[in-house]
Amino acid sequence: MKRIVLGLLAATALTGTAMAQEEFSPALLFDLGGKFDKSFNEMAYMGAERFKEETGVEYAEFEISNDAQREQALRRFAERGHNPIVMAGFTWVEYLNKVAPEYPDVDFTIIDDKVDQPNVRSVTFKEQEGSYLVGLLAAMASETGTVGFVGGMEVPLIGKFECGYVGGAKAANPDVTVIRNYTGDTPSAWNDPTKGGEITRTQIDQGADVVYHAAGGTGVGVLQAAADAGKLGIGVDSNQNALHPGSVLTSMVKKVDVAVYGSFMDAKNGEFDYGVQNVGLAEDAVGYAMDEHNESLITDEMKKAAEDAKAKIIAGEIEVHNFLDDNSCPYW
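Residues numbered from 1 in each chain as written. Predicted model: local features only at pLDDT ≥ 70, side-chain atom pairs only at ≥ 80, totals over all residues. Heavy atoms only, no water.

Considerations on helix H8 (residues 256-268)
Taking 1.5 Å per residue, 13 residues should reach 18 Å; H8 reaches 19 Å between its end C-alpha atoms and fits that length. Across the 13 residues that make up H8, a large majority, 11, are buried. Of the positions making up H8, those classed as buried are Val256, Asp257, Ala259, Val260, Tyr261, Gly262, Ser263, Phe264, Met265, Asp266 and Ala267. Next to the buried residues of H8 lie strand E1 (27-30), helix H1 (40-55), strand E3 (85-88), strand E4 (108-111), strand E5 (120-125) and strand E10 (248-254). In the stretch just after H8, Gly270 is the one whose phi turns positive, near 70°. (Helix = DSSP H or I, 4+ residues; strand = E, 2+ residues; numbered from the N terminus. Expected span 1.5 Å × (residues − 1). Buried < 20%, exposed > 50% of the residue type's maximum accessible area, 1.4 Å probe, protein only. Contact = heavy atoms within 4.5 Å.)

Some words on the nonpolar core
Looking at soluble globular proteins, one finds that nonpolar side chains tend to be buried together. Counting residues in hydrophobic clusters, the biggest one holds 64 residues, and the most contacted among them are Phe125, Ile158, Phe161, Tyr165, Tyr212 and Leu249. The greatest single-element share of this core, amounting to eight residues, is contributed by helix H4 (residues 127-141). Counting the residues that make up this core, at least three belong to each of domain 1 (27-125 + 257-282) and domain 2 (127-254 + 283-315). Those residues in contact with Phe161 that sit more than four places away from it in its chain are Glu127, Ser131, Phe149, Tyr212, Ala214, Val236, Asp237, Met252 and Lys254. In terms of nonpolar packing, the next biggest core, distinct from the first, is built from 24 residues, Leu29, Ala73, Met87 and Phe108 among them. (Core = buried A, V, L, I, M, F, W, Y, C linked by side-chain atoms within 4.5 Å. Domains from an automatic or database assignment.)

Overview of empty space enclosed by the protein
For the structure shown, the criterion picks out one cavity of 30 Å³ or more. Taken as a whole, the largest cavity encloses approximately 220 Å³ of empty space. Taken together, 20 residues line the largest cavity, and the ones lying closest to its centre are Phe40, Asp112, Trp190, Gly216 and Asp237. Breaking the lining of the largest cavity down by element, the ones donating at least two residues are H1, helix H5 (156-172) and strand E9 (232-237). For the lining of the largest cavity, the element with the highest residue contribution is H5, accounting for three residues. Class assignment of the residues belonging to the lining of the largest cavity gives a composition of 10 nonpolar, five polar and five charged. Built from parts of two domains, the lining of the largest cavity gets at least three residues from each of domain 1 (27-125 + 257-282) and domain 2 (127-254 + 283-315). (1 Å grid on protein atoms, 1.4 Å probe; cavity = no way out; pocket = protein on both sides within 12 Å on 5 of 7 lines; lining within 4 Å. Points joined across faces, edges and corners; volume = space filled by probe spheres on them. Nonpolar A, V, L, I, M, F, W, Y, C, P; charged D, E, K, R; others polar.)

Some words on the UniProt feature "domain: ABC transporter substrate-binding protein PnrA-like" (unreviewed entry) in the protein
As recorded in UniProt, the sites labelled "domain: ABC transporter substrate-binding protein PnrA-like" (unreviewed entry) are residues 29-321. As a span, residues 29-321 carries 40% helix and 21% strand, and end to end its C-alpha atoms are 31 Å apart. (UniProt positions renumbered as here; feature names shortened; annotations may be inferred.)

A few points about unusual backbone geometry
Each neighbour pair has its own omega, and for Asn83 with Pro84 the value is 5°, a cis peptide bond. Of note, Pro84 is situated in the loop between helix H2 (69-79) and E3. A positive phi is found at Lys38, a non-glycine position, where the angle reads about 65°. Inspection of the secondary structure assignment puts Lys38 in the loop between E1 and H1. By relative accessible area, Lys38 is classed as partly exposed at 39%. Despite not being glycine, Asp284 shows a phi value in the positive range, around 60°. Tracing the sequence through the fold places Asp284 in the loop between strand E11 (275-279) and strand E12 (286-288). For Asp284, a relative accessible area of 44% puts it in the partly exposed group.

What about the pattern of salt bridges?
Summed over the entire model, instances satisfying the criterion amount to 17 salt bridges. Across the salt bridge formed by Lys160 and Glu127, the nearest N and O atoms sit 2.7 Å from each other. Taken together, the residues Lys160 in helix H5 and Glu127 in helix H4 connect sequence positions 33 residues apart. Assigned by exposure class, Lys160 and Glu127 land together as buried. Connected through shared salt-bridge partners, Glu71, Arg75, Lys98 and Glu102 make up one network. (Salt bridge = Lys/Arg side-chain N within 4 Å of Asp/Glu carboxyl O.)

Next comes the structure, spelled out in structure tokens:
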């Protein structure tokens, strides 16, 4: 079988093992920041790798370097017969809405947003629920009564993280101060560790001793700056506790890997379905990470509080505000 060449995309990173098309040939398109961003994209990559290891089936992949490549990448993968095609990131919405109707026999999955097309599966997460739990832990761990939040682009999706985090922090300490900043208003905001570190140091200078990021690759700089200052960081999407053992309080994990793995496996088994899958704590799709790298930071009292809150959220006794419902947050 011959290798796939994607026209002018051929110079960029396609898997070398992706072969000429058979009936089942999955593909994964990453968002800006790349598959080794130690966060969102890397979780998507891990899901695809798990699928490959379990089934022996290779998949094609593509890491975009700018938005201009999105539509062309989608078209070329569809034209070459890849099916299903999974996209990591809400920024694919515009392009998928345009391309999906032109390839009705191709199954698409978009992660982190919704596309209303008959051949699209949309997987969204209740990030506000996981963020509530890490906000509660942040406020309980804080010695200053001030915690921080660093977002990537200031978009509604990240508002879910931010608002949930503030809600959890205020549940633990009604008098807590939450300093909130974003790294930019362009896609580069997701991949700027230097800027993330600068913002974190500023928040620490203002009294924050725990800082949560929802900023993709930029968050690497957030966690580094917190560790360098002897403060605590909180990771996101993947379990980032091991990046700075003893300095990362926890991570708000979001199981993007399961969404990718599930899409590939469902398609392989002829069970791919469409519509919106909106998943959260009840589905074990979000949560907070505990392991040997942070076990000394989370007291029994803190863990009990988080587990109690988790149970109450699942039972509907605690309702965590979803920023996307009204593009607002009741805490500011």
